[in-house]
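Structural characterization, general
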Amino acid sequence: MRKIRTAVLISGRGSNMVSLVKASKGKNYPAQINLVISNNLDAAGLDKAKDLGIMALAIDHRDFKNRKQFEAALDAVLKEAKIELICCAGFMRVLTPWFVSRWEGRLLNIHPSLLPKYKGLNTHERALEAGDKEHGCTVHYVTAELDAGETILQSRMKVLPNDTPNSLAERLLPIEQATYPDALKLVATQIQSST
Ligand code: GAR
């Protein structure tokens, strides 16, 4: 079966992107990562992607007058590379309804909480403040409303008595890195069977 051409959008470290790239190199994995794009020139993930042999480039949102123009440039690069599916992985720009509607059903995100809990930022702090016994991550479709699209996969972990926001983030990260490739596999397999 043909692998689905996929781009990963990042803003920083890019550890989830690395796990997607590694998974995608598997012979029977249904997606390939063709392109990594960062909105931040200094994102450490750009070099990590290049080291893995993936084309990686920065489109600095500050070079554009407004969100729409930044997204138009992003969209043009994605279309030029014949991308079919996008994974946001620590991409810290909110996408407008214009961009989201162009990629409806083809735009995924990983969020560090058990959505619908804790949309937005500071998810680990908020889970601790609420006294939650469980925390986790969610891979979901991106829709115009922030962190509100349909869930594809969710993974859970226990909150321990001495947890801090940092310890939660640190324990959650490998769980995220395992969950995202599984979610991408599900979506890419669906696209394969519908095209
Ligand atoms: C991850 O924990 C991801 O869930 C989070 O940013 C981190 C990126 O790490 N994303 C969000 O908070 C999105 N709102 P990474 O760059 O090492 O993959």
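One structure accompanies this document, and this report is about it. Keep in mind that this is a model prediction, so the values were computed, not measured.

**As for the pattern of salt bridges**
Overall, the coordinates contain seven salt bridges when judged by the stated rule. The partner of D75 in a salt bridge is R102, and the shortest N-O contact between them spans 2.8 Å. With D75 in helix α3 (residues 67–80) and R102 in helix α4 (residues 97–102), this residue pair connects regions lying 27 residues apart in the sequence. For D75, a relative accessible area of 4% puts it in the buried group.

**A closer look at the site of the ligand**
Around the ligand sit R13, G14, S15, N16, G90, M92, I110, H111, P112 and E176, and that is every residue in its neighbourhood. One nitrogen or oxygen atom from the side chain of S15 is found 2.6 Å from an oxygen atom belonging to the ligand. For the ligand, an oxygen atom lies 2.9 Å from a polar atom in the backbone of N16. In the complex, 85% of the free accessible area of the ligand, which totals 450 Å², lies under the protein chains.

**Focus on helix α2 (residues 44–51)**
The set of residues buried in α2 consists of G45, L46 and A49. For α2, the buried positions fall inside an angular range of 110° around the axis, keeping them on one side. At its buried positions, α2 is contacted by β1 (4–10), α1 (15–24), β2 (31–38) and β3 (55–58).

**Focus: the side chain of N34**
Mapped onto the fold, N34 is located in strand β2. For N34, a relative accessible area of 15% gives the class buried. Side-chain polar atoms of N34 contact the side chain of Q32, separated by 3.5 Å. In contact with N34, not counting residues within four places along its chain, are R5, T6, I54, M55 and I83.

**Topic: α1**
Most of α1 sits inside the fold, with eight of its ten residues counted as buried. Within α1 the residues assigned to the buried category are S15, N16, M17, V18, S19, L20, V21 and S24.

Rules and cut-offs
- Residues numbered from 1 in each chain as written.
- Predicted model: local features only at pLDDT ≥ 70, side-chain atom pairs only at ≥ 80, totals over all residues.
- Heavy atoms only, no water.
- Salt bridge = Lys/Arg side-chain N within 4 Å of Asp/Glu carboxyl O.
- Helix = DSSP H or I, 4+ residues; strand = E, 2+ residues; numbered from the N terminus.
- Buried < 20%, exposed > 50% of the residue type's maximum accessible area, 1.4 Å probe, protein only.
- Near = heavy atom within 4 Å.
- Polar contact = N/O pair within 3.5 Å; in protein donor to acceptor, adjacent residues only side chain to side chain.
- Areas by Shrake-Rupley, 256 points an atom, 1.4 Å probe, with all protein chains shown as cover.
- Arc of directions from axis to C-beta.
- Contact = heavy atoms within 4.5 Å.

Shape descriptors only; they carry no functional weight alone.
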